[in-house]
Amino acid sequence: MSLEDDPFAPQSIDEQNWLDRHGYPNARQWETYSQLSDGLLQVAADAGDAVAKTMLDARGLPDRGAVDKLLLSAANGDDFALQLLSARLAKVPGEGSLIDAYAVARVSEMRGNTSAAITRESMFSSSLTPEQRMRGEANAVLLNSTLNSLYEKKFGTKYPVDFRPVTIGKKEL
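Below, the structure is looked at part by part. Note that the structure is predicted; figures quoted are calculated from it, not measured.

### Considering the pattern of salt bridges
Under the criterion given, the structure shown has twelve salt bridges. Note that Arg120 and Glu109 form a salt bridge whose closest N and O atoms lie 2.8 Å from each other. You can see Arg120 sitting in helix 8 (residues 116-120) and its partner Glu109 sitting in helix 7 (residues 95-110), a full eleven residues away along the chain. The class for Glu109 is partly exposed, based on a relative accessible area of 23%. Counted as one network, the salt bridges with shared partners bring together Arg106, Glu109, Arg120, Glu121, Arg133 and Glu137.

Structure, rendered in structure tokens:
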């Protein structure tokens, strides 16, 4: 797909490839899967479609089981799961949800999504207090450590941080 058609606005082919490696849907998947019933998404997920599974799991939010499923996907490198989770948590009323949304977005950044810091602030209807941010940072460190441990247990190696390419102007960093 062309860069212009990608729903996550990559600025380069390298960035688009990063999105693909980290579970993000292409435009066709995003449009189709957003309209599918849970049953049809389940069929696709059962056939091994990881994007369908992530989108289906996200429909169960904020249920704890759905959170756990998305975090397990994230442990395996699915950054799209982290993005869906943080965006949904940011909309749930209550201070705890805001802190959790911040923490999950920070974990995305820690695991290589360099643009997460830019988009994180746009999730919140109002700014977090310094204390909320501090608690979010502490939660992020703990969550990232847990995800890294799960990855290491499953694959026998440390999580390989894969930094999202950043393009400023026409120059990729």
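Okay, back to it.
### A word on the side chain of Asp79
Relative to the helices and strands, Asp79 is located in helix 6 (residues 79-89). Although Asp79 is buried, it forms no salt bridge, and the closest oppositely charged side chain is Arg164 at an N-O distance of 5.6 Å. For Asp79, the side chain forms a polar contact with the side chain of Asn113, separated by 2.8 Å. Not counting the four nearest positions on each side in its chain, Asp79 is found in contact with Trp18, His22, Tyr24, Ser108 and Asn113.

### Quick look at the packing of helix 6 against helix 7
The interhelical angle for the contact between helix 6 and helix 7, taken along N-to-C directions, is 160°, at an axis separation of 8 Å. Relative to helix 7, the element helix 6 is oriented roughly antiparallel. For the pair helix 6 and helix 7, the crossing hand works out as left-handed. For the pair helix 6 and helix 7, the contacting residues are Asp79, Leu82, Gln83, Leu85, Ser86 and Leu89 in the first and Ser97, Leu98, Asp100, Ala101, Val104, Ala105, Val107 and Ser108 in the second. Split into classes, the residues belonging to the contact of helix 6 with helix 7 amount to eight nonpolar, four polar and two charged.

### Overview of the packing of helix 3 (residues 38-46) against helix 4 (residues 50-59)
The geometry of helix 3 relative to helix 4 is characterised by a closest axis approach of 8 Å and an angle of 140° between their N-to-C directions. The pairing of helix 3 with helix 4 is recorded here as oblique in orientation. The crossing of helix 3 and helix 4 is left-handed. Listed contacts from helix 4 to Asp38, Leu41, Gln42, Ala44 and Ala45 of helix 3 are Ala52, Lys53, Met55, Leu56 and Arg59. Classifying every residue of the contact of helix 3 with helix 4 gives six nonpolar, one polar and three charged.

Thresholds applied
Residues numbered from 1 in each chain as written. Predicted model: local features only at pLDDT ≥ 70, side-chain atom pairs only at ≥ 80, totals over all residues. Heavy atoms only, no water. Salt bridge = Lys/Arg side-chain N within 4 Å of Asp/Glu carboxyl O. Helix = DSSP H or I, 4+ residues; strand = E, 2+ residues; numbered from the N terminus. Buried < 20%, exposed > 50% of the residue type's maximum accessible area, 1.4 Å probe, protein only. Lys, Arg positive; Asp, Glu negative; His and termini not counted. Polar contact = N/O pair within 3.5 Å; in protein donor to acceptor, adjacent residues only side chain to side chain. Contact = heavy atoms within 4.5 Å. Axes fitted to C-alpha atoms, helices over the stretch in contact; angles between N-to-C directions. Parallel < 35°, antiparallel > 145°, perpendicular 65-115°, else oblique. Left-handed = near helix turned anticlockwise from the far one by under 90°. Nonpolar A, V, L, I, M, F, W, Y, C, P; charged D, E, K, R; others polar.

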